[in-house]
Amino acid sequence: MNTTASAVGYAAAILTTISFVPQVLKVWRTRSARDVSLGMYSLFTLGIFIWLVYGVLIESWPVILANFITLVLAGMVLAMKLKFG
């Protein structure tokens, strides 16, 4: 992959991945996930897992790294939703 495409991929990966940090922090601080959709986060987390598998299969580091980190963050929100409701 060329350098420009990799740079764009990493930039997109960083921005979309860090977008989950505020949600994780809010749920953690308030200990409330009442307004978080269980269905949405369940499907999203599954989708991110599949994107991670896809990234591994095509050996694309921007896809692998972004989706691994996003899977952890979305998984944290999902776990807190189950714990805190």
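In what follows, the structure referred to is the one given above.
Residues numbered from 1 in each chain as written. Predicted model: local features only at pLDDT ≥ 70, side-chain atom pairs only at ≥ 80, totals over all residues. Heavy atoms only, no water.

S.K.: Quick question: what am I supposed to make of the environment of Gly47 here?
M.R.: Among the secondary structure elements, Gly47 is positioned in helix 3 (residues 38–58). For Gly47, a relative accessible area of 26% translates into the label partly exposed. (Helix = DSSP H or I, 4+ residues; strand = E, 2+ residues; numbered from the N terminus. Buried < 20%, exposed > 50% of the residue type's maximum accessible area, 1.4 Å probe, protein only.)

S.K.: Just checking my understanding: could you explain unusual backbone geometry for this structure?
M.R.: Negative phi is the rule for most residues except glycine; trans is the rule for most peptide bonds. In this structure, Arg31 takes a positive phi of about 55° despite not being glycine. Relative to the assigned elements, Arg31 resides in the loop between helix 2 (21–30) and helix 3. Note on Arg31: relative accessible area 40%, which makes it partly exposed.

S.K.: Is there a simple way to explain the packing of aromatic side chains in this structure?
M.R.: What characterises a pair of aromatic rings is the spacing of the ring centres plus the angle enclosed by the ring planes. Tallied over the full model, the rule gives three aromatic pairs. Ring plane angle 25° and centroid distance 5.0 Å describe the contact between Phe20 and Phe44, whose orientation is recorded as stacked. Of the two residues, Phe20 sits in the loop between helix 1 (3–18) and helix 2 while Phe44 sits in helix 3, which places them 24 residues apart along the sequence. For the ring pair Trp51 and Tyr54, a centre distance of 5.5 Å and an interplane angle of 80° mean the geometry is edge-to-face. Remark: Tyr54 and Trp51 occur in helix 3; sequence separation between them is three residues, near one turn of the helix. Among the aromatic residues, those joined into a cluster by ring pairs are Phe20, Tyr41 and Phe44. Here the basic side chain of Arg31 rests over the ring of Trp28, its NZ or CZ set 4.0 Å away from the ring centre. (Phe/Tyr/Trp six-rings, centres within 6.5 Å; stacked < 30°, edge-to-face > 60°. Lys NZ or Arg CZ within 6 Å of the ring centre and 35° of its normal.)

S.K.: What exactly am I supposed to notice about the nonpolar core here?
M.R.: Soluble globular proteins: nonpolar side chains tend toward being buried together. In terms of nonpolar packing, the biggest core is built from 11 residues, these being Phe20, Val24, Val27, Ala33, Val36, Tyr41, Leu73, Ala74, Val77, Leu78 and Met80. Elements represented by at least two residues in this core include exactly helix 2 and helix 4 (61–84). Ranked by the residues each element gives to this core, the list is headed by helix 4, at five residues. Discounting residues that sit within four places of it in the chain, Phe20 has contacts with Tyr41, Phe44, Thr70 and Leu73. (Core = buried A, V, L, I, M, F, W, Y, C linked by side-chain atoms within 4.5 Å. Contact = heavy atoms within 4.5 Å.)

S.K.: Just checking my understanding: could you explain the pattern of salt bridges for this structure?
M.R.: Side chains that carry opposite charge are capable of pairing whenever their charged atoms lie near each other. Under the criterion given, the structure shown has one salt bridge. Notably, a salt bridge pairs Asp35 with Arg34, separated by 4.0 Å at the nearest N-O pair. Pair check on accessibility: Asp35 and Arg34 agree, each one exposed. (Salt bridge = Lys/Arg side-chain N within 4 Å of Asp/Glu carboxyl O.)

S.K.: Can you help me understand a nonpolar patch on the surface in this one?
M.R.: A contiguous nonpolar surface patch, about 750 Å² in accessible area, is contributed by Tyr10, Ile14, Leu15, Ile18, Val21, Leu25, Trp61 and Leu65. With respect to the helices and strands, the residue Val21 is situated in helix 2. Of the residues examined, Val21 reaches a relative accessible area of 32% and is grouped as partly exposed. (Patch = residues over 30% accessible without salt bridge, like charges linked within 9 Å, V, L, I, M, F, W, Y side chains within 5 Å. Areas by Shrake-Rupley, 256 points an atom, 1.4 Å probe, with all protein chains shown as cover.)

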